[in-house]
Amino acid sequence: MGKVYYDQDGNLDLIRDKVIAIIGYGNQGRSQALNMRDSGIKNIIVGSVHDTSWGTAKEDGFEAYSIPEAAKKADILFLLLPDEVAPEIYERDIAPNLHPGAVLNFSSGYNITYGFIKPAANLDVIMVAPRMIGKGVRETYENGTGFPTFLVVNQDATGHAKETAIALAKALGSTKAGAIEVTFNDETYLDLMSEQAIWPLIMNVMVTAFNFLEEKGLPAEAILTEMYMSKEPMVMMEKMADVGLFKQLPMHSRTSQYGQISRFKMVDNTSMRKFIEDQYNSIVNGSFAKEWEQVKADDMKEFNDLWKEVDELPISKVEAEVRQNLSGGKKD
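What this report covers is the structure whose coordinates are included nearby. None of the values given here were measured: they were computed from a predicted structure.

The rules behind each value
Residues numbered from 1 in each chain as written. Predicted model: local features only at pLDDT ≥ 70, side-chain atom pairs only at ≥ 80, totals over all residues. Heavy atoms only, no water. Axes fitted to C-alpha atoms, helices over the stretch in contact; angles between N-to-C directions. Helix = DSSP H or I, 4+ residues; strand = E, 2+ residues; numbered from the N terminus. Parallel < 35°, antiparallel > 145°, perpendicular 65-115°, else oblique. Contact = heavy atoms within 4.5 Å. Nonpolar A, V, L, I, M, F, W, Y, C, P; charged D, E, K, R; others polar. Phe/Tyr/Trp six-rings, centres within 6.5 Å; stacked < 30°, edge-to-face > 60°. Buried < 20%, exposed > 50% of the residue type's maximum accessible area, 1.4 Å probe, protein only. Core = buried A, V, L, I, M, F, W, Y, C linked by side-chain atoms within 4.5 Å. Salt bridge = Lys/Arg side-chain N within 4 Å of Asp/Glu carboxyl O.

It is at 7 Å that the axes of helix H1 (residues 27–38) and helix H7 (residues 161–172) come closest, and there the two elements cross at 95 degrees. On the basis of their axis angle, the class for H1 and H7 is roughly perpendicular. Contacts between H1 and H7 involve Gln 32, Asn 35 and Met 36 from the first element and Leu 168, Ala 171 and Leu 172 from the second. A class-by-class count of the residues in the contact of H1 with H7 yields 4 nonpolar, 2 polar and no charged.

A word on the packing of aromatic side chains. In this structure the tally under the stated criterion is 7 aromatic pairs. Ring geometry for Tyr 25 versus Phe 62: centroids 6.0 Å apart, planes at 70 degrees, classification edge-to-face. Taken together, the positions of Tyr 25 in the loop between strand E2 (20–23) and H1 and Phe 62 in the loop between helix H2 (52–59) and strand E4 (63–65) put the pair 37 residues apart, joining distant regions of the chain. Both residues of the pair, Tyr 25 and Phe 62, belong to the buried class.

Judged by nonpolar contacts, the single largest core of 32 residues is most densely connected at Ile 15, Ile 20, Ile 22, Met 36, Ile 44, Phe 78 and Leu 168. Those elements that place two or more of their residues in this core are E2, H1, strand E3 (44–47), strand E5 (76–79), strand E7 (124–130) and H7. For this core, the leading source of residues is H7, giving 8 residues. Beyond its immediate stretch of four places on either side in the chain, Ile 20 contacts Met 36, Ile 41, Asn 43, Ile 44, Ile 45, Ile 76, Phe 78 and Leu 168. Grouped together as the second largest cluster of nonpolar side chains are 28 residues, Leu 79, Tyr 90, Phe 106 and Ile 112 included.

Going through the model one piece at a time under the given rule, you end up with 15 salt bridges. The shortest N-O distance in the salt bridge between Asp 13 and Arg 16 comes to 3.1 Å. For Asp 13, a relative accessible area of 53% corresponds to the exposed category. The exposure class assigned to Arg 16 is partly exposed, which follows from its relative accessible area of 29%. Two residues, Arg 138 and Glu 142, come together in a salt bridge whose shortest N-O distance is 3.4 Å. With Arg 138 and Glu 142 both in helix H6 (residues 134–143) and 4 residues apart, the pair spans about one turn of that helix. Exposure remark for Arg 138: the relative accessible area of 16% places this residue in the buried category. Connected through salt bridges with shared partners, the residues Asp 38, Arg 138 and Glu 142 form a single ionic network.

And the structure:
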């Protein structure tokens, strides 16, 4: 098991007087900034362009600056931009303006793992990455439960990088639940594996089952309601998180329990295992990162084509009608 840090491990005094610049004031940036301010960290600024996020930051009571100006002022800089745009903005607007000994805090390991961002040797490079959507980051802070976070020290120029990372995790509210020490590569590989192996398999199960059951004459409303539109799977996932993947089964009927456990053993997962292994290898050897760079360089043509394909699937076409039929007939 990895090292986990809790409230007693963090010292907010280490960061209380630091200037913390949030670059990327979206759902995550806003929630993280508000949480830190409520934890007593007052010198929080926002680096942005003049878009809606700039106005939101000002309305929330934060000073907003251009990204280069914010980087110059920052003792700690949160890089919360999307992976695909962060390298260019970092190279142009951030790297030339960070002072020696500044802390560069990532929310994703992607650009460090694949070398798209190469921080100077005189910076502390860390990651405090909530495993929670931005809305949840704020809500769990407010209700006092906290949320799990991945915590990484990748470069320790000052000798205090880990203490800073733990203090930031505490200010965000995550050490109430636990900040799990990993590496940048760990975070990158796990994140991409969820996106490229686990969820594609789940989506394929849903699409294949829908097509089969519709061919057998079952009504689309009933199929989709049973599979996911009732939101029962959401409740099941929540219970899995609370008590365990299999330990949540007693909340179902014994017929359901028997059916799930007995058929779990019948699945031939040979091809599934091969698919998972292939995705893992393409992530670790960098071939996916190269593939994604080529897609972006081609003006996202393949990305847009893939979206057109899934939008044309029968399950996608019928969802809107089913949603309307299950909302009292009201139109979206």
